[in-house]
Amino acid sequence: MASTTQRAMPGFSLCLGYSVTYLSLLVLAPLAACFLKASTLSLHDFWAVVWTDRARAAYALTFGAALIASLVNVFLGLNVAWVLARYDFPGKRFFDALIDLPFALPTAVAGLVFANLYVPDGWLGQFLVPLGIEAAYTRLGIVLVLTFTGFPFVVRTVQPVLESLDADVEEAAAILGATRWQTFTRVLFPTLLPAVLTGFALAFARAVGEYGAVVFIAGNIPFRTEIAPVLIVHRLEDFAYGEATAIAVVLLGFSFFALVAINALERWSKRNAG
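Residues numbered from 1 in each chain as written. Predicted model: local features only at pLDDT ≥ 70, side-chain atom pairs only at ≥ 80, totals over all residues. Heavy atoms only, no water.

1. Concerning the confidence of the model for the chain
Per-residue confidence for the chain gives a mean pLDDT of 87, with 95% of residues at or over 70. Element-level pLDDT for the chain is lowest in helix α9 (residues 167–175), with a mean of 79, against a maximum mean of 94 in helix α3 (residues 53–86). Segment residues 1–5 is flagged for pLDDT under 50; beyond a separation of four residues in sequence, or across chains, it makes zero contacts in the model. (pLDDT = per-residue confidence, 0-100. Helix = DSSP H or I, 4+ residues; strand = E, 2+ residues; numbered from the N terminus. Contact = heavy atoms within 4.5 Å.)

2. Some thoughts on the packing of helix α6 (residues 107–118) against helix α8 (residues 139–164)
One way to put it is that α6 packs onto α8 with a least axis distance of 10 Å and a crossing angle of 140 degrees. Classified by the angle their axes make, α6 and α8 are oblique. For α6 against α8, the interelement crossing comes out right-handed. Judged by residue contacts, T107, A110, F114 and Y118 of α6 engage L144, V145, F148 and T149 from α8. Per-class residue counts for the contact of α6 with α8 are six nonpolar, two polar and no charged. (Axes fitted to C-alpha atoms, helices over the stretch in contact; angles between N-to-C directions. Parallel < 35°, antiparallel > 145°, perpendicular 65-115°, else oblique. Left-handed = near helix turned anticlockwise from the far one by under 90°. Nonpolar A, V, L, I, M, F, W, Y, C, P; charged D, E, K, R; others polar.)

3. Some remarks on the side chain of N73
You can see N73 is positioned in helix α3. Accessibility expressed as a relative area gives 1% for N73, which makes it buried. Within polar-contact distance, the side chain of N73 engages the backbone oxygen of T147 at 3.3 Å. When near neighbours in sequence (up to four residues on either side) are disregarded, N73 contacts L78, L146, T147, G150, F151, V154 and A203. (Buried < 20%, exposed > 50% of the residue type's maximum accessible area, 1.4 Å probe, protein only. Polar contact = N/O pair within 3.5 Å; in protein donor to acceptor, adjacent residues only side chain to side chain.)

4. Some remarks on the pattern of salt bridges
Per the counting criterion, the structure on display carries seven salt bridges. Residue K92 pairs with D88 through a salt bridge whose shortest N-O separation is 3.2 Å. Of the residues examined, K92 reaches a relative accessible area of 22% and is grouped as partly exposed. Taken together, the shared-partner salt bridges in this structure form one network comprising D96, D100 and R156. (Salt bridge = Lys/Arg side-chain N within 4 Å of Asp/Glu carboxyl O.)

5. Remarks on the packing of aromatic side chains
For the structure shown, the criterion picks out 16 aromatic pairs. Arranged with centres 6.2 Å apart and planes meeting at 35 degrees, the rings of W51 and Y59 form a pair that is tilted. Joined through ring pairs, the aromatic side chains of W47, W51, Y59, F63, F200, F204 and F254 make up one cluster. The lysine or arginine in question, R86, covers the ring of W82, its NZ or CZ lying 4.7 Å from the ring centre. (Phe/Tyr/Trp six-rings, centres within 6.5 Å; stacked < 30°, edge-to-face > 60°. Lys NZ or Arg CZ within 6 Å of the ring centre and 35° of its normal.)

6. Concerning the packing of α9 against helix α10 (residues 180–208)
Two numbers describe how α9 lies on α10: the axes approach to 11 Å, and their chain directions differ by 135 degrees. In this view, α9 runs oblique relative to α10, as classed from their interaxial angle. In the crossing of α9 with α10, the sense of the turn from one axis to the other is right-handed. For the pair α9 and α10, the contacting residues are V169, E170 and A173 in the first and T183, V187 and L188 in the second. A class-by-class count of the residues in the contact of α9 with α10 yields four nonpolar, one polar and one charged.

7. Remarks on unusual backbone geometry
Residue Y137 is not a glycine yet carries a positive backbone phi of 65 degrees. With respect to the element layout, Y137 can be found in the loop between α7 (125–128) and α8. Overall, Y137 belongs to the partly exposed group, its relative accessible area being 42%. In this structure, F223 takes a positive phi of about 70 degrees despite not being glycine. With respect to the helices, strands and loops of the structure, F223 is situated in the loop between α11 (212–215) and α12 (228–237).

8. Some thoughts on the side chain of R235
Relative to the elements of secondary structure, R235 occurs in helix α12. Classification of R235 as buried rests on a relative accessible area of 18%. A polar contact of 3.3 Å, which involves the side chain of R235, links it to the side chain of E243. Non-local contacts of R235, meaning those with residues more than four positions away in its chain, are made with R54, A240, E243, A244 and I247.

What follows is the structure, given as structure tokens:
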């Protein structure tokens, strides 16, 4: 009889050592360096840097745009994942591969493309601007590019769950008299909710830290279209490294607490679904 203390994974100690080393060198060390650099400022100087009117406007725009883009991605991603998982149509493989384009495309290229599309004489801007819809160098443009960069996260987390769902459950609900909407909201969605929340958290985290796609379409106007990562870069260009890391620490803290809340909601949804 095999010993109950036998390791489940051969070479567990070696794998654990590699994992801890990886986390230490690539995750913990940079974070520690960021906090150490920010600690060179006194508490008064730290607060004076991170809580200016300009900084608060940048925080509000960063998290507000990230939240809106992530919610849009939940709606769009759930619909696209449903179509890809449940229907067969010509060109399905091509469209399925196209979902991953934001992963492969440099974000700076995405920002340039969106900016050129929505300027007043762009392909889309020439029709939208006369209608009063301006995306280039506005907050709307920021939401658009953040939606583009975060879109694959929701699709790729929800799609496998949809594909694994048993069709018999939907048939049983239909036999019992449930409408399609009741079947989706009461039978399918509780099972999909943890995956939806995971996709939302990933898209939100990506949007909060996005810089390359935003910098070309936002215009980077203080108090209007300047996001926190752009403000950090401005501080670095002024060689104010302590101030830049201080703002980064605040951004990191906000992001951490937001992700903790989302993960707690995800665990709660999994318990209820189970």
